[in-house]
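Chains, contacts and geometry: an overview
The chain contents come next:
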Amino acid sequence: MEKKNCLVIFGGKSVEHEVSVITGLQVIENIDKDKYVAIPLYITKDGQWLTGDCLKNIETFRKKDFKKAKNIYLSFNKKDKSQLLIDKNKPLQIDIVFPALHGTYGEDGTIQGVLELLDLPYAMANIGASTNGMDKVMMKKIFSYHNLPLVPYKWYYRENLENNIDDKIEEIEKSLDYPLVVKPSNLGSSIGITKAKDREQLRKSLEIAMQYDSKIIIERAIEKIREINCSVIGYHDDLEVSVCEEPVAIDNILSFEDKYIRSNSKGKGFSRKIPAQIPEQIRQKIEDYAVQSFKAIDCSGVARIDFILEDNEKIYVNEINTIPGSISFYLWQPKGVSFKDLITKILNIAEKSYNEKKKNMYNFDADLFNKISRNSLKNLQK
Ligand SMILES: Nc1ncnc2c1ncn2[C@@H]1O[C@H](COP(=O)(O)OP(=O)(O)O)[C@@H](O)[C@H]1O
Ligand SMILES: [Mg+2]
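Residues numbered from 1 in each chain as written. Chains lettered and ligands numbered in written order. Predicted model: local features only at pLDDT ≥ 70, side-chain atom pairs only at ≥ 80, totals over all residues. Heavy atoms only, no water.

The next subject is the sheet that holds strand β9 (residues 180-184). Here 4 strands make up an open sheet; going across it, the order is β8-β11-β9-β10 and the pairing antiparallel. Because the sheet does not close on itself, it has two edges, and the strands there are β8 (153-157) and β10 (194-196). Neighbour-to-neighbour, the strand axes of this sheet turn through a mean angle of 25 degrees, independent of strand direction. One ladder, built from 5 bridges, connects β9 with strand β11 (residues 215-220); its direction is antiparallel. Each bridged residue has a counterpart across the sheet, and for Leu180 the counterpart in β11 is Arg220. This element, helix α5 (residues 136-145), spans β8, β9 and β11 of the sheet and lies at about 55 degrees to β11. (Pairing = 2+ DSSP bridges. Helix = DSSP H or I, 4+ residues; strand = E, 2+ residues; numbered from the N terminus. Axes fitted to C-alpha atoms, helices over the stretch in contact; angles between N-to-C directions. Contact = heavy atoms within 4.5 Å.)

Put into C-alpha cells, the structure is as follows:
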C-alpha cells in the first residue's frame, strides 16, 4: 500500500501555542508509519509557516533554533502542481491533514477554512463545529437549545461592559449569586479565567477577561465541584464514547499550570483519575450528554467534553474541546484503542467526511449571462 503524506499542523497564533507543539509532536510520533508519512507544518507565533524534519524534534523548540526549517507558501491557484510550496517553488504533495492546533486560529474554524479552500481532507471538526465549539457563548446557546444542562450564566460584549461597568455589575448581581467565575468566550487552558467572591473582585475579573476577548461570560461558581471529562469519536450518527477521567486541581480552578506543568512534575497538585470514580448512573448520564453535545455542534473526529459535577449529583456540561490536548489518547487507551489506532481512525473519518462532501454539486446552469441584457444590470435584483 502506498503511504499517504499527512501534514501535521501545530503551533499557531494562540495562547495555547506550546501545548499545540506537544500535541503535534505526539501525533507525529504516534502516527502509523506503515500507512502515513508525517510532514510537520509548524506555524510560529507570528504566523510564519515552516516545515522540515528538524520540526519533529522537541529539542528544536527548546533551543528555538529553526535555521534548518524551510518556509511553506500557499497558492490558491489550482493550476499550480501543488498548492503548498516549499521555498516558493518546490511542490509539497499532501494527501491529508491533521490539525493539531489548540485555541485561536486553529481550533476555531480559521485553518479549517483554508483547508477547505485547498480541497484537502482534514481531521477533526469542520469549520462550523470548530467555530461553535470554540466560542463559549455560541456553544452555550446551542447546548441550551438541545436542553443540555448548563451552569447559570450571563454574557456581554466587551464594549457594553466598558461603557457602563457599574450598571452591568448590578445587573449581574441581580441574576447570579457570588461566587462567580468570569471567562473570555474564545480562549482555552483556563487563561483569563478568574473567580470573584464580591463586587470588587468581580470588577477585577471582568477587567482580566476583557483583555483576552470581546465576549465575556459570567457564571455561577460551583463550589462543591468535581470535574469529569469524556471523549467522543466518530462522525454523524456513528459515535463512540471513551472512559471518563477526573482531573484534580490544587486550587478550585484548574489552572494552566495545573493542566500542563504540575502534571509533569513530581508530587504536586494536578493529577488525573482514569477511569473517574463515579457512580454508574452518573457515568451513563455523562456519556449520554457527551454524545448529545458532540452531535449538537455537528462535530467530527475526536472531541473532549468537560463536565462539572456539583455536590456529587448535579451534572453540568461545561465545554467541548474540538481539538483536545494530546487528542485525548489517554481516555481511549483503557478502551483498547492505542494512540496509533486512534490517529488512523480519525484520519479515516476525515476521508469519509471529505468524500461525502465531494458528492455535493456546485454547479447550477441557469444560463444567466445570456438572459441578462446590459441595461438590466443597472437595476438587477438578486
Ligand atoms: N462555573 C464554574 N464553577 C467553578 N469552577 C469553574 C466553573 N467554570 C470553570 N471552572 C474552572 O475553570 C476551569 C477552566 O474553565 P473552562 O470553562 O473549562 O475553560 P477553558 O476553555 O479555559 O478550559 C475549569 O476546568 C474549572 O476548573
Ligand atoms: Mg476547560
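Still to come is the rest of the account.
A few words now on the sheet that holds strand β15 (residues 301-310). On the basis of which strands lie adjacent, the open sheet formed by 5 strands has the order β14-β13-β12-β15-β16 and antiparallel pairing. The sheet terminates laterally at β14 (271-273) and β16 (314-321), the two strands that pair on one side only. Averaged over all neighbouring strand pairs, the angle between strand axes comes to 30 degrees, with direction disregarded. In the sheet, strand β12 (residues 225-235) pairs with β15 via 10 bridges, with the strands oriented antiparallel.

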